[in-house]
Amino acid sequence: MISFIGIGSNQSEPIKQAQQAIKALTTLPDTTLINCSSLYSSSPMGPQDQPDYINAVAQIDTQLSAIELLNNLQQIELSQGRVRKDNRWGPRTLDLDIILYDNQEINNLRLTIPHYGMKAREFVLYPLQEIAPQLVLPDGTPLSQLVLACDKNGLQRVK
Ligand code: ROI
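Residues numbered from 1 in each chain as written. Predicted model: local features only at pLDDT ≥ 70, side-chain atom pairs only at ≥ 80, totals over all residues. Heavy atoms only, no water.

K.L.:
Quick rundown of the site of the ligand? Include the residues and the values.
P.N.:
Near the ligand, the surroundings consist of Ser-42, Ser-43, Pro-44, Met-45, Tyr-53, Asn-55, Trp-89, Arg-92, Asp-95 and Phe-123. Measuring from an oxygen atom of the ligand, one finds a side-chain N or O atom of Arg-92 at 3.2 Å. For the ligand, the protein covers 95% of the area, taking 350 Å² as the surface of the free molecule. Class assignment of the residues belonging to the shell around the ligand gives a composition of 5 nonpolar, 3 polar and 2 charged. (Near = heavy atom within 4 Å. Polar contact = N/O pair within 3.5 Å; in protein donor to acceptor, adjacent residues only side chain to side chain. Areas by Shrake-Rupley, 256 points an atom, 1.4 Å probe, with all protein chains shown as cover. Nonpolar A, V, L, I, M, F, W, Y, C, P; charged D, E, K, R; others polar.)

Put into structure tokens, the structure is as follows:
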């Protein structure tokens with residue numbers, strides 16, 4: 001299955017965290033890293049009293065189920081020092097989100113795919129467009145249409 005993974009960090013040298021995460025994606029079982037966007041800096045969404053984020057999107061081809069993939073991604077987050085606190089909108093060393101999985105819509109206690117915020121988040125849409133400009137979402141919306149409607153909000157390519 002083709003899947004797109006959102007990468008985000010704003011703690012402990014975010015560029016290094018993102019690069020390390022991309023490396024870690026190449027070691028996932030039964031998975032190939034196909035492509036990865038540039039790294040972007042973005043203003044924090046949510047509380048503003050936190051550092052800017054580094055964001056990127058990776059494309060993988062995996063034989064893992066969506067839940068197995070999630071479990072593996074959470075292992076990577078933990079191995080890079082993520083502490084799950086009561087900080088849903090707070091700073092994090094590494095956030096790995098399944099943005100899309102195949103052309104599937106998945107809704108259960110642990111997963112909402114496509115990712116619930118992707119349609120409005122510049123730090124997901126622009127990196128995704130860089131590596132998959134022709135993408136169409138499971139509901140038929142072309143990515144290009146979402147990008148046109150989404151302000152860059154200061155998003156900048158940094159690497
Ligand atoms: N803001 C930005 N710019 N990038 C993120 O990855 C990000 N992740 C989050 C919240 C706190 C919503 N804000 C973010 O989880």
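K.L.:
Help me get a handle on the state of the cysteines, residues and values and all.
P.N.:
The tally for this structure, following the rule as stated, stands at 0 disulfides. Not part of a disulfide, Cys-150 finds its nearest cysteine sulfur in Cys-36, a span of 19 Å. (Disulfide = S-S within 2.5 Å.)

K.L.:
Describe the layout of surface pockets, naming the residues involved and giving the relevant values.
P.N.:
In this approach a probe as big as a water molecule rolls over the atoms, and the regions it shows empty are the leftover space. Space inside the largest pocket adds up to approximately 920 Å³. Only β1 (2–9), β4 (53–62), α2 (66–79), β5 (95–101) and α3 (122–131) provide two or more residues apiece to the lining of the largest pocket. Take the lining of the largest pocket: its biggest share by element is 5 residues, from β5. Of the residues in the lining of the largest pocket, the class split is 14 nonpolar, 12 polar and 10 charged. (1 Å grid on protein atoms, 1.4 Å probe; cavity = no way out; pocket = protein on both sides within 12 Å on 5 of 7 lines; lining within 4 Å. Points joined across faces, edges and corners; volume = space filled by probe spheres on them. Helix = DSSP H or I, 4+ residues; strand = E, 2+ residues; numbered from the N terminus.)

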